[in-house]
Amino acid sequence: EVRLLESGGGLVQPGGSLRLSCATSGFTFSTYGMGWFRQAPGKEREWVSYIGWSGSTTVYADSVKGRFTISRDNAKNTLYLQLNSLKTEDTAMYYCAKRASPLGGSGYTRSQDFNYWGQGTQVTVSS
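What you see is a predicted model, and the numbers here were worked out from it, not measured in a lab.

K.L.:
Mind showing me how you'd approach the pattern of salt bridges here?
P.N.:
Summed over the entire model, instances satisfying the criterion amount to 6 salt bridges. With a closest N to O distance of 2.7 Å, Arg67 and Asp90 form a salt bridge. A residue pair is termed long-range when its members are at least 10 positions apart, and Arg67 in the loop between strand S6 (58–60) and strand S7 (68–73) and Asp90 in the loop between strand S8 (78–83) and strand S9 (92–102) qualify at 23 residues. A salt bridge links Arg110 to Asp113; its shortest N-O distance comes to 2.7 Å. Salt bridges here are not isolated pairs; linked through shared partners, they connect Arg38, Glu46, Arg67 and Asp90.

See the structure below:
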């Protein structure tokens, strides 16, 4: 059974930092690209970042580029998202997701490119 479990969210002041983790099991983590999405209240789910199966490819939404860093530890089957210089508009539930197709190929910014999701971890940026 595929499982994704996010952690690390919380309440932080503007300009602060958080590190999100996504512990995975039930599949060969090292052969799948992984993504982070977020959803704010009343808004649609938004793609945030993607990392390829080997970690050599990383892509970011313009809204977080230069502030967030995605990484992975294939030995620990864990995905990370470092959030720096947080803004109030970063407040959302953050979800990790497993890409549907293994290894490379196109398609990593749409929800339909991913087939398993975690339950989410809340990030609230407020003074």
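K.L.:
What is the right way to look at the sheet that holds S8 in this model?
P.N.:
One key point about sheets: their strands pair by backbone hydrogen bonds, in either a parallel or an antiparallel sense. Pairing is antiparallel in the open sheet, where 4 strands are placed in the order S1-S3-S8-S7. For this open sheet the edge positions go to strand S1 (3–7) and S7, each flanked by a neighbour on one side alone. In this sheet, adjacent strand axes meet at a mean angle of 15° when their direction is disregarded. By the bridge criterion, 5 bridges tie S1 to strand S3 (residues 18–25) in an arrangement that is antiparallel. Each bridged residue has a counterpart across the sheet, and for Ser7 the counterpart in S3 is Ser21.

K.L.:
Please explain the nonpolar core as it appears in this structure.
P.N.:
One recurring pattern in soluble globular proteins: nonpolar side chains tend to sit buried together. Counting 33 residues, the largest nonpolar core has Trp36, Phe68, Leu79, Leu81, Leu83 and Tyr94 as its most contacted members. Taken together, the elements giving at least two residues each to this core come down to S3, strand S4 (32–39), strand S5 (46–51), S7, S8, S9 and strand S11 (121–125).

Here is what the cut-offs are and how they apply
- Residues numbered from 1 in each chain as written.
- Predicted model: local features only at pLDDT ≥ 70, side-chain atom pairs only at ≥ 80, totals over all residues.
- Heavy atoms only, no water.
- Salt bridge = Lys/Arg side-chain N within 4 Å of Asp/Glu carboxyl O.
- Helix = DSSP H or I, 4+ residues; strand = E, 2+ residues; numbered from the N terminus.
- Pairing = 2+ DSSP bridges.
- Axes fitted to C-alpha atoms, helices over the stretch in contact; angles between N-to-C directions.
- Core = buried A, V, L, I, M, F, W, Y, C linked by side-chain atoms within 4.5 Å.
- Buried < 20%, exposed > 50% of the residue type's maximum accessible area, 1.4 Å probe, protein only.

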